[in-house]
Structure formats: C-alpha cells, structure tokens
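Below are the chains, spelled out letter by letter.
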Amino acid sequence: MIKATGITAEYNPLHNGHVYQIEKAREITDCDVIAVAMSGDFVQRGEPAILDKWTRCGLALDAGADIVVEIPALFCLGNSAQYASASVRVLEALGCDNIAFGSESGDIDILRRTAERLLSNRDEIDKRIKECISKGLSWPAAREQAYRSLRTAADSGSLEKEISVLSDPNDILALEYLMNMRKAQPVCIKRKGAGYHEGLKASAGFQSAGAIRDALRNGMDTDELADGIPGSTLKALKESRLVFSDEMSELLRYAAMSTPAEMIERCPSAGEGLGNRLKNAALDHNTWEGIVKAAKSKRYTYTRISRLCAQLILGIDRDHHGYSAPEYIRVLGFNEKGREMLSRSKSGGNCDLPILTNINKEAQGLTDEARSMLELDVHAADIYNLVSGRDNSYSDHIMTPVIK
C-alpha cells in the first residue's frame, strides 16, 4: 500500500520555502508519495500565474513532488473556502493519508480549536458577518468581529492567538483545510523565512513568492533572486515569457466596457453594485492594477475585485458555474512513484472521481457538469496562452502530462 501526503500549492513561482515544505512533509509523514494539488494558469489572488501550469508542474516535480494535479479554474478563482475545499476533495479522492500545509503560527492546537469553533458556530457567525458587511466592513474584518462577538470572558484566554490565525494568509487557508478534511490527517508546517506580505530581503535563502513577483515586475535581474529560488526555477524564469496581471489590462477593459453591469453582477465575486463600480473603473483607468485599486474600498478587498476581473474575462457566471465540488482529477505530471500511485488509484476502485490524463479521450465519459468545468479549465489556458503570446501548440487539447 502506498502512503501519500498531499500539499495544496500555487508555486507562483516555486521558491526555497516550497522546497522546504515538500521535504519537511515527507520527513514528518514518512510517506512514499508527495501529491500536489496545484492552481492552474490563474491563481487564487485573481491573477494569471507568472509561469504557465505545465512549467510550474515540472518545477514541482524537480523539487520533490511525485505527482501534480490541477485544481479546476472554477475553484482557483473562488474565495479561500472554495479553493481549500476543492483541493482537499481532490487530494482525499486521490488517496492521500495526510495533507500538509504551511502556517504562520505553526500551532496546530490553535488552528484546530479555531476551526472547530468556526464549524460549530457557522450559522451564527454567517449571520453576524452579514450584519457587519451591511455596515460597510470587508469580509475578513466582518469575520473577525463576528468571531470575537461569540467569545465570553470565561473562554477568552487564547482569543488573540485565534484572531491572528483568522488574518494571516496561510493560517486562513489552514483553517479551511481543517474544516474540510474528512479522511486525511493534517500536518502543520511552520512557515520558514519571509512572511507573505514581506518585501524582498537581500541575500535571503527564503523569500516570499509575492516579493519575488514584485521584484520581477519592477525589472530586477533574475540572477539577483538566485539565493531564494532553486536553480530550475531560476532557469525557467530566465527562459519563459513571464505573465503579469497588467498584461491583461486591455482584455479586462474590453470585457468591462462591453458587458452590461447586471451581467457582471452574475460573476461569483460580484454583487452589491460592483458591476457598475467595475465598469466605471475600467473607463477611468488603463491598467489592471489601476482598475482594481479604483474599484476596491474598505468593504471590497483588492483580492475580491481582482478575482471578479478574472471571472469576468473568463465568463464565469454563478448561474452556470456552481461552486459544488471538483468533478474529476486532472493530472498535470508525475514521476515513477506518481505513476504507481495513479495506477493503484485507477485500478483499486478507491478513487471516486474520474482521473484524466488525456482529456481528448476521457472528456466524453464525464457528466455534463464535469465537462463544463473542464471546458472552463481549457478556456482559462487558452486565454493565458493568448496573453503570453503562445500559439495553439500550447492548447490543453495538445499538451500532455509532464513525465520525469
């Protein structure tokens, strides 16, 4: 029997902290296989990935992963709860015994306790979040206030620690993983090096992905990042066409200008008048960054607006794209250990989702909902290829899994 540990990742781009997480997860769980559920060409922040999904899959395999599968685009552009639940569903269906995740706090007890309280008080918290949002608070601020309001003086000893894991990016996802796990056991790995929002640090072995992207966006020579990324990532960044959100500015402006506000309102991240707000921002600003910043406010976070922009470009409509759960496991790449896991998952009958390695042959056997979900993945890749200047040879209908 193969013992597998799952990791959810974006690798945007893959850096030394990611390599550390893979190595630590293997060490802690003593597993045979590391399975990665990875975002595709669009990431959860609502932006195109800096490198395409096939390149990032190859980097993950070079860094120690054994199999990489794609989280459907529908969920990559959802909120943290939708993204995390989708990745857990895929990893558990694949047969992962453990799911490892990074954490700012590194405190599994605090994370468990907070996740349990969020689950057991979900209805009341949701009610209070709506009340707070109606008063102009953003969703993150509303959830913190709602959570605080449920605590009494008698059980407030660890409140501030619990509040901190409600606001730190990796801890927020960790809570969602914990609330969605049904079979796998959690493995909490304390984040090492620069924090999510920290800028680039000179000669640091561990940089944040955001700092690396910002440095590249601002024209830093790739060689100056060598201390913080593996050699394979350095090579890919040098040889690949890097994609940043501002390169989609014209697509965004066209989509916003040509789409009626009431149709924009049907995007999952819209509502509450954001359709008109986004249209006005697109008329007044020429860049993705400028449009998003003009549309955001205290109530509407940058990330929510950015996801809305990507949803609009890809035509994601809440009436036709329901956030239920992934309907398949799309394989992006594997090595020999990963191949063995795939073979056992397919032949053993334990996997309750279809496993796709050749979408041209296997799509016909999917349900209508699954085909629609897969078509969105292909469409997202087509749009990404359009922006990055790639021809049709990079279509998802032509690309095959990366094999190491």
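Residues numbered from 1 in each chain as written. Predicted model: local features only at pLDDT ≥ 70, side-chain atom pairs only at ≥ 80, totals over all residues. Heavy atoms only, no water.

J.: Explanation requested: the overall build of the protein chain in the structure shown.
T.: Scanning the protein chain for helices and strands turns up 19 helices and 10 strands. Expected size for 404 residues packed as a compact globule is a radius of gyration near 22 Å; at 21 Å, the protein chain falls within 12% of this value. For the C-alpha atoms alone, the extent of the protein chain along its principal axes is close to 55 × 55 × 50 Å. Of all 404 residues assigned to the protein chain, the portion counted as buried reaches 55%. In the protein chain, of all internal contacts separated by at least 6 residues, the share reaching a separation of at least 24 is 74%. In the protein chain, 50 side chains carry a positive charge and 57 a negative one; their mean positions are 3 Å apart. (Helix = DSSP H or I, 4+ residues; strand = E, 2+ residues; numbered from the N terminus. Rg over C-alpha atoms; globule rule 2.2 N^0.38 Å. Buried < 20%, exposed > 50% of the residue type's maximum accessible area, 1.4 Å probe, protein only. Contact = heavy atoms within 4.5 Å. Lys, Arg positive; Asp, Glu negative; His and termini not counted. Charge placed at Lys NZ, Arg CZ, Asp CG, Glu CD.)

J.: Explanation requested: the nonpolar core in the structure shown.
T.: Generally speaking, nonpolar side chains in soluble globular proteins are found buried as a group. Phe-42, Trp-288, Leu-314 and Ile-329 are the most contacted members of the largest nonpolar core, which has 98 residues in total. At nine residues, the largest contribution of residues to this core is made by helix 19 (residues 368-387). Core analysis: the next-biggest nonpolar cluster, separate from the first, contains 23 residues, Ala-9, Trp-54, Ala-65 and Ala-100 among them. (Core = buried A, V, L, I, M, F, W, Y, C linked by side-chain atoms within 4.5 Å.)

J.: Teacher, can you tell me more about helix 15 (residues 288-295) here?
T.: Because each turn of an α-helix spans 3.6 residues, side chains separated by three or four positions end up pointing in the same direction. Turning to helix 15, its buried residues are Trp-288, Gly-290, Ile-291, Val-292 and Ala-295. Residues of helix 15 that are buried in the fold lie against helix 12 (249-258), helix 14 (274-284) and helix 16 (302-314).

J.: I keep staring at the packing of aromatic side chains and nothing clicks. Help me out?
T.: Given two aromatic rings, one states the distance between the centres and the angle between the planes to describe the pair. Per the stated rule, a full pass over the model turns up two aromatic pairs. When the centroid spacing of 6.2 Å and the interplanar angle of 85 degrees are considered together, the rings of Tyr-20 and Phe-206 count as edge-to-face. In this pair, Tyr-20 is assigned in helix 1 (residues 16-29) and Phe-206 in the loop between strand 7 (185-190) and helix 10 (209-217), connecting sequence segments 186 residues apart. For the ring pair Phe-101 and Tyr-177, a centre distance of 5.8 Å and an interplane angle of 40 degrees mean the geometry is tilted. Taken together, the residues Phe-101 in strand 6 (residues 98-103) and Tyr-177 in helix 9 (residues 169-180) connect sequence positions 76 residues apart. In this structure, Arg-390 is placed above the aromatic ring of Tyr-394, and the distance from its NZ or CZ to the ring centre is 4.2 Å. (Phe/Tyr/Trp six-rings, centres within 6.5 Å; stacked < 30°, edge-to-face > 60°. Lys NZ or Arg CZ within 6 Å of the ring centre and 35° of its normal.)

J.: Explanation requested: the pattern of salt bridges in the structure shown.
T.: All told, the structure shown has 27 salt bridges when counted by the stated rule. Note that Arg-148 and Glu-160 form a salt bridge whose closest N and O atoms lie 2.9 Å from each other. Within this pair, whereas Arg-148 is found in helix 7 (residues 139-150), its partner Glu-160 is found in helix 8 (residues 159-165), the two being separated by 12 residues in sequence. Note on Glu-160: relative accessible area 48%, which makes it partly exposed. Several salt bridges share partner residues, and in doing so they unite Lys-53, Glu-70, Arg-330 and Asp-396 into one network. (Salt bridge = Lys/Arg side-chain N within 4 Å of Asp/Glu carboxyl O.)

J.: Looking at this structure, how should I read the packing of helix 5 (residues 108-120) against helix 9?
T.: Helix packing for two helices is described by the angle between their axes and how far apart those axes are. The interhelical angle for the contact between helix 5 and helix 9, taken along N-to-C directions, is 65 degrees, at an axis separation of 9 Å. Where helix 5 crosses over helix 9, the handedness of that crossing is right-handed. Every residue of helix 9 that contacts helix 5 at Ile-108, Leu-111, Arg-112, Thr-114, Ala-115, Leu-118 and Leu-119 is listed here: Asp-171, Ala-174, Leu-175, Leu-178 and Met-179. Along the lines of polarity and charge, the residues of the contact of helix 5 with helix 9 split into nine nonpolar, one polar and two charged. (Axes fitted to C-alpha atoms, helices over the stretch in contact; angles between N-to-C directions. Left-handed = near helix turned anticlockwise from the far one by under 90°. Nonpolar A, V, L, I, M, F, W, Y, C, P; charged D, E, K, R; others polar.)

J.: Just to check I follow, could you spell out the side chain of Ser-158 for this structure?
T.: With respect to the secondary-structure elements, Ser-158 resides in the loop between helix 7 and helix 8. Since its relative accessible area comes to 15%, Ser-158 is described here as buried. Here the side chain of Ser-158 touches Arg-113 through a polar contact of 3.1 Å, side chain to side chain. Side chain to side chain, Ser-158 and Glu-162 meet in a polar contact 2.4 Å long. With residues up to four places along the chain from it excluded, the contact list for Ser-158 reads Ile-110, Arg-113 and Arg-151. (Polar contact = N/O pair within 3.5 Å; in protein donor to acceptor, adjacent residues only side chain to side chain.)

J.: Just to check I follow, could you spell out the pairing of strand 5 (residues 67-71) for this structure?
T.: Regular strands place their side chains on alternate faces of the sheet. Burial within strand 5 is extensive, with five of its five residues counted as buried. When strand 5 meets strand 8 (residues 329-334), the two strands line up antiparallel, connected through four bridges. Across the sheet, the residue bridging to Val-69 is Val-331, located in strand 8. (Pairing = 2+ DSSP bridges.)

J.: Sorry, what's going on with unusual backbone geometry here?
T.: Backbone phi values are negative for most residues with the exception of glycine, while trans is the configuration of most peptide bonds. Cis geometry is found at the peptide bond from Asn-12 to Pro-13, where omega equals 0 degrees. Position of Pro-13 among the secondary structure elements: in the loop between strand 1 (4-9) and helix 1. For Tyr-11, which is not glycine, the phi dihedral falls at a positive 50 degrees. Relative to the helices and strands, Tyr-11 is located in the loop between strand 1 and helix 1.

J.: Where do I start with helix 14 in this structure?
T.: Every buried residue of helix 14 is accounted for by Leu-274, Gly-275, Leu-278, Lys-279, Ala-281 and Ala-282. Mapping the buried residues of helix 14 onto a view down its axis gives an arc of 165 degrees, with all of them on the same face. Exposed side of helix 14, more than 90 degrees from the buried face: Leu-283 and Asp-284 are the residues found there. Summarising the contacts, the buried residues of helix 14 are in contact with helix 12, helix 13 (261-264), helix 15 and helix 16. (Arc of directions from axis to C-beta.)

J.: How should I be thinking about the state of the cysteines in this particular structure?
T.: Structurally, a disulfide amounts to a covalent bond that connects the sulfur atoms of two cysteines. Applying the stated criterion across every chain, the model contains zero disulfides. As a non-bridged cysteine, Cys-188 has Cys-31 as the owner of its nearest cysteine sulfur, 16 Å distant. Residue Cys-309 stays outside any disulfide, its sulfur separated by 9.4 Å from that of Cys-267, the closest cysteine. A relative accessible area of 0% places Cys-309 in the buried class. (Disulfide = S-S within 2.5 Å.)

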